[in-house]
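Fold and contact review
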Amino acid sequence: MTNPFYDPYRVLSKIYGAGAHLKIALAETDLEEDTRARTVKTVYGVLERDAYLSHCIRSFAPKSPKQSVRIVLKIALYWLISLEKPRYLVTDKAVELLKRLGKGGAAGFANAFLRRFDEKKIVLPSGNAGLSIKSNYPIDAVEEIVREYGGRAENILFASSAGVTVRFERNEEKYLSLPHRDTPFDRVYCFENFTRDEGFFRGDYTFQSVGSVAVASAVEPCANFLDACAAPGGKSVLIAKKCERVTACDLHEHRVGLVESYCKRMGAENVVPLQSDSSLFRSEWAESFDGVLCDVPCSGLGTLTENPDIALRERDFSSLHRTQTAILENCSRYVKRGGCLYYATCSVLERENDRIVEAFLMEHHDFDAEEPKSPLDFVKKKYGLQFLPDTAYGAGFYISKLRKKK
């Protein structure tokens, strides 16, 4: 039988070493099917507790081990602390894997480390630094969230995922015997576990986050709609149910391919996928759309419960600000008189949300902010709605609705 740490190690090496995205790394790694569920649980578990596991290693290692050894130790510590596996089993598997990887020289170190590790002796720093380690949010994000949300900050930081969100087109009764939570959206449920079957390929259902569904639900029905940052296509397909025609753009060709596949699988024939840079003006689109959605690139910190690898990525807020502003500014030129411009992110930070819209409105007096409608709990901001992970099924996101004056 393969060492149970081996497949998690292969996936995590791609994430830590090559900067691969979690879901792509899982999809592109040939995992043992019999132990896939355990591998996925381990990978997610390590990433969800990365800051704490790193702190544990720093606390008991005299010097920082090489990355490959750190990954093995993080897997071992996750099994020891979170899965409560026997210490002898965890130690043996870690040592065995290091030898198999040709790192026998580190096997003695790992053996000694795991035998003397005692979680009761782990001391966390006080204040925001401790919150960062416990919650796995980057320290700069913790500081902003504490500053902006005060007493609610810890609820936001320690909110958990609501599970796997599935939106059904048909035949949901077949699956509702599985443990799940209802959402305020029609035919959208959060399952504790959900295994993809033939119904997915028939278009009976799709996996779509609560945030994605909520943003799409806030869009007004209209004739001609532009989804300016559309991949992978979930919002475009849902918006196409109430708009006659949806043009779905993305900057990268392979991501346009994702939109095409999504539309084909879900039978959305009134969506037109197109490769286009939404920060650059297309004169033929000037004042051509009744509605335009700018779900812009952002830090993604509102999706940390679903994408724990986001905490590992560098965030260049200056570059993000320029991109967010450029897309909103450019796409505003495509909105007809009386039409709507929607700005959305999957962030909980004001600097990516209300401040961007405020700066836009200061320069564009032909737009007025309107309050979007949503059945989800939200915090009303000056220019939009902020949804927070502790009350929005683990999702943090923002949407603003701007009406162009007639």
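See the structure above.
Summary of the structure given here.

Moving on: the side chain of E144. Topologically, E144 is positioned in helix α9 (residues 139-149). Overall, the relative accessible area of 4% leaves E144 in the buried class. Here R351 takes part through its side chain, which lies 2.5 Å from a polar atom of the side chain of E144. Those residues in contact with E144 that lie beyond four places of it in its chain are L349 and R351.

Here we have four strands laid out as an open sheet, ordered β2-β3-β1-β4, and antiparallel in their pairing. Every other strand in the sheet has two partners, leaving β2 (180-182) and β4 (205-207) as the edge strands with one partner each. The mean inter-strand angle of the sheet, taken between neighbouring strand axes irrespective of direction, is 30°. Relative to strand β3 (residues 188-191), β2 runs antiparallel, the two sharing three bridges. Residue pairing across strands places R181 opposite C190, the latter belonging to β3. Of the strands in this sheet, β1 (164-168) and β4 are in contact with helix α14 (residues 253-266), which crosses β4 at around 150°.

For the rest of this paragraph, the subject is the nonpolar core. Core analysis: the biggest nonpolar cluster contains 42 residues, and F5, L12, I15, I75, L77, F113 and F117 have the highest contact counts within it. For this core, the secondary-structure elements that each account for two or more residues are α1 (6-18), α2 (22-27), α3 (36-48), α4 (50-60), α5 (67-81), α6 (87-100) and α7 (107-116). At 11 residues, the largest contribution of residues to this core is made by α5. Other than its neighbours up to four places away in sequence, I15 contacts A20, L22, A25, V43, L47, D309 and L312.

What follows is about α9. Every buried residue of α9 is listed here: A141, V142, E144, I145 and Y149. Summarising the axial view, the buried residues of α9 lie within an arc of 165°, below the 170-degree limit, and thus occupy one face. Close packing links the buried residues of α9 with α8 (127-135), α10 (153-157) and β12 (385-387). Residue G150 follows α9 closely and has a positive phi angle near 55°.

The packing of two helices is summarised by the inter-axis angle and the distance between the axes. Closest axis-to-axis distance for the α3/α5 pair is 10 Å, and the angle between their directions is 100°. As far as their axial angle goes, α5 and α3 are roughly perpendicular. Judged by residue contacts, R38, K41, T42, G45 and V46 of α3 engage K74, I75, Y78 and W79 from α5. Considering only residue class, the contact of α3 with α5 consists of four nonpolar, two polar and three charged.

With that settled, consider the packing of aromatic side chains. Two aromatic rings, taken as a pair, are described by how far apart their centres are and by the angle between their planes. Applying the stated criterion across every chain yields a total of 28 aromatic pairs. Where F378 meets F387, the ring centres are 6.0 Å apart and the plane angle is 70°; that geometry is what we call edge-to-face. F378 gets classed as partly exposed once you look at its relative accessible area, which sits at 27%. Grouped by ring-pair contacts, the aromatic residues F168, Y175, Y189, F191, F194, F200, F201, Y205 and F207 constitute a single cluster.

The rules behind these values
- Residues numbered from 1 in each chain as written.
- Predicted model: local features only at pLDDT ≥ 70, side-chain atom pairs only at ≥ 80, totals over all residues.
- Heavy atoms only, no water.
- Helix = DSSP H or I, 4+ residues; strand = E, 2+ residues; numbered from the N terminus.
- Buried < 20%, exposed > 50% of the residue type's maximum accessible area, 1.4 Å probe, protein only.
- Polar contact = N/O pair within 3.5 Å; in protein donor to acceptor, adjacent residues only side chain to side chain.
- Contact = heavy atoms within 4.5 Å.
- Pairing = 2+ DSSP bridges.
- Axes fitted to C-alpha atoms, helices over the stretch in contact; angles between N-to-C directions.
- Core = buried A, V, L, I, M, F, W, Y, C linked by side-chain atoms within 4.5 Å.
- Arc of directions from axis to C-beta.
- Parallel < 35°, antiparallel > 145°, perpendicular 65-115°, else oblique.
- Nonpolar A, V, L, I, M, F, W, Y, C, P; charged D, E, K, R; others polar.
- Phe/Tyr/Trp six-rings, centres within 6.5 Å; stacked < 30°, edge-to-face > 60°.

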